[in-house]
Amino acid sequence: MAKNKKKNRSKKIGNKFENKIAKLLGQWWFNDKHALTRHGTSGAIKEAWIGDIVPQKLIPWKGFPFVIECKSGYEESYPNLLFQTKLKNWIIQYSREVTEQQPILMMVTSYKKPNPILTIPRTFDKIEWNSAILVDGEVWYNYNLNYLINHYNFYEITESWKDIKNIIIGGE
């Protein structure tokens, strides 16, 4: 396959994945699959929000605390105890995007497996994580995103996230 055709195909796969994740998270967080959208430039141009997935319309939160970055189709990079380099590099790269207004990086990855993985530098309340990796001295936890969405209410499993609650509902 020609290099440009392969690049265009990869871009379409990535865009499709970002759209899918935006709808899943929008439904989970706001009961509205249209609340979030794929950033028009895939996060390349910094506007009100940073990341691949951003609010599309007025959301019921006072702020949006997440920088959400998506990567799909990296079968050889599935994170396990021996092979974590690609995910670690992405976390290091996108951690530079985090701001005071958007302090939490979420990586959503798909490795040619049916379920996307959510990687985040904190745990959800009362839920076991699938695996964890250490990046620059910080532990990042991997969760099966579809399992989280299908079995848990986002607001209940983030009850202890006081710093994020202040951004979401406003306050100190």
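The residue numbering used here restarts from 1 in each chain and proceeds along that chain's sequence as written. Predicted model: local features are reported for residues with pLDDT of at least 70 only, side-chain atom pairs are reported and counted for 80 or more only, and whole-chain, interface and lining totals are derived from all residues. The side-chain numbers reported here are obtained from all heavy atoms of the structure, hydrogens and water having been left aside.

**Some remarks on the overall build of the protein chain**
In step 1: The secondary structure content of the protein chain amounts to five helices and seven strands.
In step 2: Secondary structure elements of the protein chain, listed N to C terminal, follow the sequence α-β-β-β-α-β-β-β-β-α-α-α.
In step 3: Remark: exposure states derive from per-residue accessible area (1.4 Å probe, protein chains only) relative to the maximum for the residue type, with buried under 20%, exposed over 50%, and partly exposed in between. Looking at the 172 residues of the protein chain, the share that counts as buried comes to 45%.
In step 4: Look at the contacts in the protein chain between residues 6 or more apart in sequence, and 54% of them connect residues 24 or more apart.
In step 5: Total accessible area on the protein chain stands at roughly 10,000 Å², and carbon and sulfur atoms take up 50% of it. In DSSP terms, a helix is any run of H or I states spanning at least four residues, a strand is any run of E spanning at least two, and both are numbered starting from the N terminus. Contacts are assigned to residue pairs with any non-hydrogen atoms lying within 4.5 Å of each other. Surface exposure here means Shrake-Rupley accessible area, sampled with a 1.4 Å probe, where a residue is shielded only by the protein chains that are shown.

**A few points about the environment of Ile59**
In step 1: Among the secondary structure elements, Ile59 is positioned in the loop between β2 (53-55) and β3 (66-72).
In step 2: Note on Ile59: relative accessible area 10%, which makes it buried.
In step 3: For the pair Ile59 and Asp32, spaced 27 residues apart in sequence, the C-alpha separation works out to 9.6 Å.
In step 4: Sequence-distant contacts of Ile59, that is, excluding residues within four places in its chain, are made with Phe30, Ala35 and Phe64.

**Brief notes about the side chain of Arg122**
In step 1: Along the chain, Arg122 falls in the loop between β5 (117-120) and β6 (131-135).
In step 2: On the accessibility criterion, Arg122 (18% relative accessible area) is buried.
In step 3: Side-chain polar atoms of Arg122 contact the side chain of Asp163, separated by 2.9 Å.
In step 4: Residues contacting Arg122, with those up to four places away along its chain left out, are Ile104, Tyr141, Tyr143, Trp161, Asp163 and Ile164. Here a polar contact means two N or O atoms within 3.5 Å. Within protein one must be a hydrogen donor candidate and the other an acceptor candidate, and residues neighboring in sequence count only if both atoms are side-chain atoms.

**Describing the packing of aromatic side chains**
In step 1: Only centres within 6.5 Å qualify two rings of Phe, Tyr or Trp (six-membered ring in Trp) as a pair; their planes then separate them into stacked at under 30 degrees, edge-to-face at over 60, and tilted for everything else. This model, assessed by the stated rule, comprises 20 aromatic pairs.
In step 2: Ring geometry for Trp29 against Phe30: centres 6.2 Å apart, planes inclined by 90 degrees, an arrangement best described as edge-to-face. Pair check on accessibility: Trp29 and Phe30 agree, each one buried.
In step 3: Relative to Phe64, the ring of Trp61 lies with its centre 6.0 Å away and its plane at 25 degrees, an arrangement referred to as stacked.

**Concerning unusual backbone geometry**
In step 1: Its identity as a non-glycine residue notwithstanding, Asn31 has a phi of 55 degrees, on the positive side.
In step 2: In this structure, Asn31 sits in the loop between α1 (3-30) and β1 (36-38).
In step 3: Despite not being glycine, Lys126 has its phi angle at roughly 60 degrees, a positive value.
In step 4: With respect to the helices, strands and loops of the structure, Lys126 is situated in the loop between β5 and β6.

Scope: geometric values only; no functional claims are made or implied.
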